[in-house]
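# Reading the structure
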Amino acid sequence: MSQHYALITGASGGIGKELAYQFSKDGYPLILVARSTDKLKAIKENLKSAYDIEVITLVKDLSKEEDIQSLYDELKSKEIYIDYLVNNAGFGLYGKFVDTALNEELNMIDLNIRALTHLTKLFLPDMVKRNHGKILNIASVAAFMPGPLMTVYYATKAYVLSFTEALENELKGTNVTVSALCPGPTKTGFSDRAQLSNSKLFQSGAMGVETVAKVGYKKFMKGQTVIVPGVQFRLATFVPRFVPRKWLASIVRRTQEIK
Ligand SMILES: NC(=O)c1ccc[n+]([C@@H]2O[C@H](COP(=O)([O-])OP(=O)(O)OC[C@H]3O[C@@H](n4cnc5c(N)ncnc54)[C@H](OP(=O)(O)O)[C@@H]3O)[C@@H](O)[C@H]2O)c1
């Protein structure tokens, strides 16, 4: 059994859970992190019986700095080294910025940006030292454009993409890679939490979560830097290069509106 551990944040549902299944199929031992004890426990039991792998679950709120540090310290004290770090936990919020709740948006920045940066800062040096490792950051198609009606969420994902591409450059010459998975709308708990299940965007063709995870996992393992599952979404990330940003904001605004 390989002892190349994979740590997945936000593994209690959605894309994180499906990525856990992808790693399990290849026999990797897993560290699954989220806030929901029961959901993590159920996934652990399923994975262990289906794939006979080691699964450790850690209940953490990654929007809290102390939980991030304790996660790292607990693994270090057990001499568990992470070879695959998946920064997946994240959420969005729908509404005009002038109306949305500040505390939710600051919490989103803490999770989507701070936690991802902090975890990378903790785990990357060990990977570089051992000259082995891979980091997968979950960005979004949203990273490529301004996002009226979800202003803060789109901006957090632009950070994730920029951070990943710059880090990939710095890691050249090492055996460590970093990738950004940029899904379009995907059928998970995300749209309910963000309150945008009825937006034109989600109503007109969200992708299946299994497909997103499968494509993401395969290309991540090959070391691809930017991964956009689905031809239609690859197009959606390519076209913005040729469209003035103001026009782009208007187009995105239309797709974000509630039907
Ligand atoms: N679904 C989409 O359309 C879509 C598209 C592009 C990108 N994404 C990105 O994909 C990633 C995963 O989203 P998803 O669609 O799979 O959403 P999801 O089904 O809502 O899953 C989110 C996961 O994050 C965990 N989480 C939330 N807050 C947390 C916190 N404070 N600390 C630790 N874990 C936390 C949740 O578990 P607990 O509630 O148990 O903590 C859950 O496991 C996110 O970064 C999202 O921005 C999603």
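Everything here concerns the structure above.
Here is a short report on the structure shown in this document. (Residues numbered from 1 in each chain as written. Predicted model: local features only at pLDDT ≥ 70, side-chain atom pairs only at ≥ 80, totals over all residues. Heavy atoms only, no water.)

So, on to the pairing of strand β5 (residues 133-138). Burial runs high along β5: six of the six residues are buried. The alternating pattern of β5 places G133, I135 and N137 and K134, L136 and I138 on opposite faces, both of which are buried. Across four bridges, strand β4 (residues 82-87) lies against β5 in parallel orientation. Counterpart to V86 in the pairing with β5 is L136. For the crossover from β4 across helix α4 (residues 102-130) to β5, the handedness is right-handed. Of the strand pairs in this sheet, β5 and strand β6 (residues 176-181) are connected by six bridges, and their pairing is parallel. When the bridges of β6 are listed, G133 appears paired with V176. (Buried < 20%, exposed > 50% of the residue type's maximum accessible area, 1.4 Å probe, protein only. Helix = DSSP H or I, 4+ residues; strand = E, 2+ residues; numbered from the N terminus. Pairing = 2+ DSSP bridges. Right-handed = clockwise from strand over helix to strand, strands pointing away.)

Glancing now at the site of the ligand. Close contacts around the ligand come from 31 residues, with R35, S36, N88, Y153 and T188 the closest. Separating a nitrogen atom of the ligand from a side-chain N or O atom of D61 is a distance of 2.8 Å. Considered on its own, the ligand offers 880 Å² of accessible surface; in the complex 93% of this is hidden by protein. Among the secondary structure elements, those contributing two or more residues to the shell around the ligand are α1 (14-25), α5 (151-170) and α6 (190-194). Broken down by class, the residue content of the shell around the ligand amounts to 13 nonpolar, 13 polar and five charged. (Near = heavy atom within 4 Å. Polar contact = N/O pair within 3.5 Å; in protein donor to acceptor, adjacent residues only side chain to side chain. Areas by Shrake-Rupley, 256 points an atom, 1.4 Å probe, with all protein chains shown as cover. Nonpolar A, V, L, I, M, F, W, Y, C, P; charged D, E, K, R; others polar.)

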